[in-house]
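One letter stands for each residue in the lines below.
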Amino acid sequence: MLTIGLTGGIASGKSTVSRRLMELGATVIDADAIARALQEPGRPGLDGIVEEFGPSVLTPGGRLDRAALGARVFADPGARSRLNAVIHPLVRAEAERLAAAAGEDAVLVEDIPLLVETGQHGRFDLVLTVQAPVEERVRRMVEDRGMTEADARARIAAQARDEERAAVSSTVLVNDGSVQQLLDRVDAWWEWHVEPRLTPAPPGA
């Protein structure tokens, strides 16, 4: 099994890269998707959040009010740490279960936005980081996600800096052009860094 840690800041284009890697044949484990599933009603993630933060983070229908929780944790590093202490162990346990089921020959990509912040980079064969200019990321969050500029910048500031991600990365893919250009860069990276590891060595090599 070849293990790849995929990371990148919010609105960097990491999700586009993740989808392309899946199209190329990788098994992708998405930490954000796992976290969202764990935060559904009746799941342990939501139960733990309510126990930690109280019922004010719930909608009238009993679901997680993501906007209310986000406003609390991105404005308060202590609250963010408390949330991470609830969610991260659950996400890791589920990711380990999915990885074990992937099979020995899989190219396993774990899509982890907070890979650097949680110190997980050392457990992968390769670490691939997607990077985009900060102002472009702010624009995407404001125009595509409806955030205010202040909220967008707060989200970026709450994550690792580009330099910190680059320091632990095998490769940094810079997403400063079109979507097609990014996809082409992913394809080239796969051809150079993944395909050679998938080709069986000739007899006697």
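Just so you know, these numbers come straight off a predicted model, no measurement behind them.

## What about the UniProt feature "binding site: ATP" (unreviewed entry) in the protein?
(1) Moving on: In the UniProt entry, the feature "binding site: ATP" (unreviewed entry) is given for Ala11, Ser12, Gly13, Lys14, Ser15 and Thr16.
(2) Moving on: Dropping the residues within four chain positions of it, Ser12 is found in contact with Val130, Ala132, Arg137, Arg140 and Asn175.
(3) Moving on: In this structure, Lys14 sits in helix α1 (residues 14-23).
(4) Moving on: According to the relative accessible area criterion, Lys14 is buried, its value standing at 9%.
(5) Moving on: Once residues lying within four places of it in the same chain are set aside, the contact partners of Lys14 are Leu6, Thr7, Gly8, Asp111, Pro113 and Val130.

## Looking at the packing of helix α4 (residues 66-73) against helix α5 (residues 77-100)
(1) Moving on: At a closest axis distance of 7 Å, the pairing of α4 and α5 adopts a crossing angle of 125°. Relative to α5, the element α4 is oriented oblique. Of the residues in α5, those in contact with Leu69, Arg72 and Val73 of α4 are Pro77, Ala79, Arg80 and Leu83.
(2) Moving on: Here the residues of the contact of α4 with α5 are counted per class, giving 5 nonpolar, no polar and 2 charged.

## Focus: the pattern of salt bridges
(1) Moving on: By the definition in use, this model includes 17 salt bridges.
(2) Moving on: Among the salt bridges present, the one from Arg20 reaches Asp187, with a minimum N-O distance of 2.9 Å. Here Arg20, found in helix α1, pairs with Asp187, found in helix α9 (residues 179-198); they are 167 residues apart in sequence, far enough to count as distant.
(3) Moving on: The buried category is assigned to Arg20, whose relative accessible area is 19%.
(4) Moving on: Across the pair Arg161 and Glu164 runs a salt bridge whose closest N-O atoms are separated by 3.9 Å.
(5) Moving on: Residue class for Arg161 comes out partly exposed when judged on its relative accessible area of 48%.

Cut-off values and rules
Residues numbered from 1 in each chain as written. Predicted model: local features only at pLDDT ≥ 70, side-chain atom pairs only at ≥ 80, totals over all residues. Heavy atoms only, no water. UniProt positions renumbered as here; feature names shortened; annotations may be inferred. Contact = heavy atoms within 4.5 Å. Helix = DSSP H or I, 4+ residues; strand = E, 2+ residues; numbered from the N terminus. Buried < 20%, exposed > 50% of the residue type's maximum accessible area, 1.4 Å probe, protein only. Axes fitted to C-alpha atoms, helices over the stretch in contact; angles between N-to-C directions. Parallel < 35°, antiparallel > 145°, perpendicular 65-115°, else oblique. Nonpolar A, V, L, I, M, F, W, Y, C, P; charged D, E, K, R; others polar. Salt bridge = Lys/Arg side-chain N within 4 Å of Asp/Glu carboxyl O.

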